[in-house]
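# Topology and contacts: notes
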Amino acid sequence: MLALGRILQCVPAGAGVARTALNMAGKSASVVAKQLVHTPRNTKDDGQFKTWKPLAPTLRQRRMASRKDLHKGGPVRELTVAKRRTGGRNNTGRITCRHRGGGMKRRIRLVDFKRTEPGPQQVVRLEYDPGRSAHIALIKHMETGKLSYILAPSKLKPGAVVQSYMRVSFEDKTEAAPGGVAPEEETHATEAEAIANLFRPKADLSAELTSKVIVETGNCMPLKMIPIGTKIHNIGLHPFGRAQLARSAGASAQLLYTAATGLAQIKLMSGEVRRVPVDACATIGQVSNAHHKHETLGSAGSRRRRGWRPTVRGTAMNTHDHPHGGGRGKSKGNKHPRSPWGKLAKGGKTRLKTNPLVVRGRPRR
């Protein structure tokens, strides 16, 4: 009721209807107060961030990325599945992931990370996904009418047309003879072309492939078809497999080297340079919602609604609960910062062997 009284002080005297509704006791007053906080008059959205008037202490520092261009309704039901929560417990009921539990109900959006459907697909709308930091886009195949979700690249607008070249072959196919056997002349010509391609420079082959695809934001294609220096995201690690790299909000990578066969080289945002098969998928552009890293929740309640439980400091525990526990005062026993299981928490080595596909590791402090 104290917070409700502060909100009452912020309501203009002329707003008689609002003050009458807020003066109602019980649940009605809390509902009306919540609606009053989120009215357009008490919020500001400049296209980058959404901020609130400090009607309550938790709203003073609250700042969220703008979502005014996203779809206001729910997702396509057929493209979602229920998310069953575990509260951080395994099959025996023991906590294996701390600080998890509670939160709002969610449904998992089935995002297409393989992009194997060829043909033009039109962007219907952009949507919010509670299961990831990036936004998603609902696309509709212009020939079959099939709906699917993809990660929304930055600057992608509804009505745009995207394509996938993962299963498109640019090789010339010869028609077979009535008996199912190709003519001898065409067979010899095909063999001659194949032998000639073996001795052609790889740069010529990659240039020929690149000239036959449309390199635009949102289009998906193998790395061998992408020009060097292009900004990409949603990158796979295996030939014709699902995308695994550069999928979070604002993430991207740069293609440093590619060829018709073998391994390409990409530079990640961390500074790491690694090899990836040239037949792995990649999408042109940068992932949407780049302002996500500047968000401020402003209250512990917002954190709880996202399924996170409080974190207890090690120095506040007993000796047998944490390496920092026990002792008099705030002492942690002259130990370097450690995890509850005794592993070094800051700067300790945890990697036992190096990845042979990493050309240059990320810069370390």
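Cut-offs and rules
Starting afresh in each chain, residues are numbered from 1 along the sequence in its written order. Residues qualify for local features only when their pLDDT is at least 70, as the model is predicted, and side-chain atom pairs are given and counted only at 80 or more; totals for whole chains, interfaces and linings, by contrast, use all residues. Only hydrogens and water are set aside when side-chain values are computed; all heavy atoms of the structure are taken into account. Numbering of helices and strands starts at the N terminus; helices are DSSP runs of H or I of at least 4 residues and strands are runs of E of at least 2. When accessible area is computed with a 1.4 Å probe and restricted to protein chains, residues below 20% of their type maximum are described as buried, those above 50% as exposed, and intermediate ones as partly exposed. Note on contacts: a residue pair is in contact if any heavy atoms of the two residues lie within 4.5 Å. Using a 1.4 Å probe, accessible areas were evaluated by the Shrake-Rupley method; residue-level cover was limited to the displayed protein chains. The definition of a nonpolar core used throughout is a set of buried Ala, Val, Leu, Ile, Met, Phe, Trp, Tyr and Cys residues joined through side-chain atoms within 4.5 Å. Two strands are counted as paired when DSSP detects at least two bridges linking them. One side-chain nitrogen of Lys or Arg within 4 Å of one carboxyl oxygen of Asp or Glu is enough to make a salt bridge. Lines are fitted to the C-alpha atoms to define the axes, a helix being fitted only along its stretch in contact, and any angle between axes, read from their N-to-C directions, falls within 0 to 180 degrees. The definition used for a disulfide is geometric: two cysteine sulfur atoms within 2.5 Å. Only residues whose relative accessible area exceeds 30% and that form no salt bridge are eligible for patches; like-charged ones are grouped when within 9 Å, while nonpolar side chains (Val, Leu, Ile, Met, Phe, Trp, Tyr) are grouped when within 5 Å. Think of it this way: Lys and Arg go in the positive column, Asp and Glu in the negative one, and His and the chain ends go nowhere. Throughout, a charge is located at the NZ atom of Lys, the CZ atom of Arg, the CG atom of Asp or the CD atom of Glu.

Our next topic: the overall build of the chain. The helix and strand tally for the chain stands at six helices and 18 strands. By the burial criterion, 31% of the 365 residues in the chain qualify as buried. Here the contacts in the chain between residues at least 6 apart in sequence split such that 56% fall between residues at least 24 apart. Looking at the chain as shown, the accessible area adds up to about 23700 Å², and 53% of this sits on carbon and sulfur atoms.

For soluble globular proteins, the rule of thumb is that nonpolar side chains tend to be buried together. In this structure, Leu223, Ile226, Ile232, Ile235 and Ile266 are the most contacted members of the largest nonpolar core, which totals 35 residues. Contributions of two or more residues to this core are made by strand 7 (136-141), strand 8 (147-151), strand 10 (220-222), strand 13 (243-245), strand 14 (253-257), strand 15 (263-268) and strand 17 (281-284). When neighbours within four sequence positions are excluded, isoleucine 235 is seen to be in contact with Ala243, Gln244, Leu245, Ala246, Ala253, Ile266, Val276, Cys281 and Ala282. In terms of nonpolar packing, the next biggest core, distinct from the first, is built from nine residues, Ala137, Ala152, Leu156 and Val162 among them.

Judged by pairing direction, the sheet is antiparallel, and its four strands sit side by side in the order 8-7-6-9 without closing on themselves. At either end of the open sheet lies a strand with only one pairing partner, and these are strand 8 and strand 9 (161-162). Across two bridges, the pairing between strand 6 (residues 121-127) and strand 9 is antiparallel. Residue pairing in the sheet places glutamine 121 in a bridge with valine 162 of strand 9.

What follows covers the pattern of salt bridges. When the charged atoms of two side chains with opposite charge come close together, those side chains can pair. Here the structure, examined in full by the defined rule, presents three salt bridges. Here arginine 132 and aspartate 129 are joined by a salt bridge, their closest N and O atoms 2.8 Å apart. Note on arginine 132: relative accessible area 24%, which makes it partly exposed. Notably, a salt bridge pairs lysine 224 with aspartate 279, separated by 3.1 Å at the nearest N-O pair. In this pair, lysine 224 is assigned in the loop between strand 10 and strand 11 (231-233) and aspartate 279 in the loop between strand 16 (273-277) and strand 17, connecting sequence segments 55 residues apart. Relative accessible area serves as the criterion here: at 22%, aspartate 279 is assigned to the partly exposed category.

Spatially, three strands are ordered 1-2-3 in an open sheet, and the strand pairing comes out antiparallel. Strands at the two margins of the open sheet, each flanked by one partner only, are strand 1 (43-45) and strand 3 (63-65). Between one strand axis and the next, the sheet turns by 20 degrees as a mean value, whatever way the strands run. Looking at chain direction, strand 1 and strand 2 (residues 49-52) are connected through three bridges and run antiparallel. By the bridge assignment for strand 2, threonine 43 is matched with tryptophan 52.

With that out of the way, let us pick up the state of the cysteines. Enumeration over the complete set of coordinates arrives at zero disulfides. Here cysteine 220 is not cross-linked by a disulfide; its sulfur's nearest cysteine counterpart is in cysteine 281, at 5.0 Å. Judged by relative accessible area, which is 2%, cysteine 220 ranks as buried.

Time to look at a positive patch on the surface. A cluster of basic residues, Lys83, Arg85, Arg100 and Arg303, forms a positive patch on the protein surface. For arginine 303, the position within the fold is in helix 6 (residues 300-305).

What follows deals with the pairing of strand 8. Among the five residues in strand 8, four count as buried, and that is most of the element. With five bridges joining them, strand 7 and strand 8 adopt antiparallel strand pairing. Bridge assignment links alanine 137 to a residue of strand 8, and that residue is isoleucine 150. What sits between strand 7 and strand 8 in their antiparallel hairpin is a turn of five residues, with glycine 145 showing a positive phi close to 75 degrees.

As far as function goes, none of this settles anything; it's purely spatial.
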